[in-house]
Amino acid sequence: MNWPNENWHSIGDISDIPLRGARCVKTPQGKIAVFRTAENEVFAIEDHCPHKGGPLSQGIVHAKAVTCPLHNWVISLETGKALGADEGEVRTIPVRNEDGALFIALESLLMAAE
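Residues numbered from 1 in each chain as written. Predicted model: local features only at pLDDT ≥ 70, side-chain atom pairs only at ≥ 80, totals over all residues. Heavy atoms only, no water.

Visitor: Looking at this model, I keep getting lost on the pattern of salt bridges. Mind explaining?
Guide: Should the charged atoms of two oppositely charged side chains come close, the side chains can pair. Per the stated rule, a full pass over the model turns up 5 salt bridges. Between Arg-91 and Glu-46 there is a salt bridge whose closest N-O contact spans 2.8 Å. Residue Arg-91 is found in the loop between strand E7 (74-76) and strand E8 (92-93), and its partner Glu-46 is found in strand E4 (residues 42-46); the two are separated by 45 residues along the sequence. By relative accessible area, Arg-91 is classed as partly exposed at 27%. Here Glu-46 falls in the buried class, since its relative accessible area comes to 10%. (Salt bridge = Lys/Arg side-chain N within 4 Å of Asp/Glu carboxyl O. Helix = DSSP H or I, 4+ residues; strand = E, 2+ residues; numbered from the N terminus. Buried < 20%, exposed > 50% of the residue type's maximum accessible area, 1.4 Å probe, protein only.)

Visitor: Got a minute to help me understand the environment of Ile-11 in this structure?
Guide: Mapped onto the elements of the fold, Ile-11 is located in strand E1 (residues 8-13). By relative accessible area, Ile-11 is classed as buried at 8%. Along the backbone, Ile-11 and Phe-103 are 92 residues apart, and their C-alpha atoms lie at a distance of 5.5 Å. Not counting residues up to four positions away in its chain, the partners in contact with Ile-11 are Arg-23, Val-25, Val-34, Leu-102, Phe-103 and Ile-104. (Contact = heavy atoms within 4.5 Å.)

Visitor: Help me out: how do you make sense of the nonpolar core in this one?
Guide: The tendency in soluble globular proteins is for nonpolar side chains to be buried as a group. In this structure, Phe-35, Ile-45, Leu-56, Val-66, Trp-73, Ile-75 and Leu-77 are the most contacted members of the largest nonpolar core, which totals 14 residues. Residue assignment for this core shows that the elements contributing at least two residues are strand E3 (30-36) and E4. In this structure, Leu-56 is in contact with Phe-35, Ile-45, Glu-46, Asp-47, His-48, Cys-49, Val-66, Cys-68, Ile-75 and Val-90, ignoring residues within four places of it in sequence. Ranked by size, the runner-up nonpolar core spans 13 residues in total, among them Ile-14, Val-34, Val-42 and Ile-93. (Core = buried A, V, L, I, M, F, W, Y, C linked by side-chain atoms within 4.5 Å.)

Visitor: Teacher, can you tell me more about the pairing of E3 here?
Guide: The two faces of a sheet get side chains in turn, since along a regular strand they alternate between them. Burial of E3 is extensive: 5 of the 7 residues sit out of reach of the surface. The pairing of strand E2 (residues 21-27) with E3 spans 7 bridges and is antiparallel. Looking across to E3, one finds that Arg-23 is bridged to Val-34. Taken together, E2 and the strand that follows it, E3, pair antiparallel across an intervening segment of 2 residues. (Pairing = 2+ DSSP bridges.)

Have a look at this one:
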């Protein structure tokens, strides 16, 4: 499969993340929450809720969303946007799955920060 011209960084294996769970990856640009849905889809977003900064990696994963453990905001794993009446968003990070090996594109964080 052809991927955009980005440097991909290994973050482990899909089996490192429980179904409907997450793991936190520390990067020089901040913490990234990597989620695995019940359907084995993998998403990566910044690990802080746009509301009060709650750790999204500790939230409840349902469908393609996560509920923040602090104040129950629901964040789309696909877009990073708050769902429902809440407003705000976090950055999404490109993630790829190569036969279970997971990679993220950290350069997307640098470009977004500029």
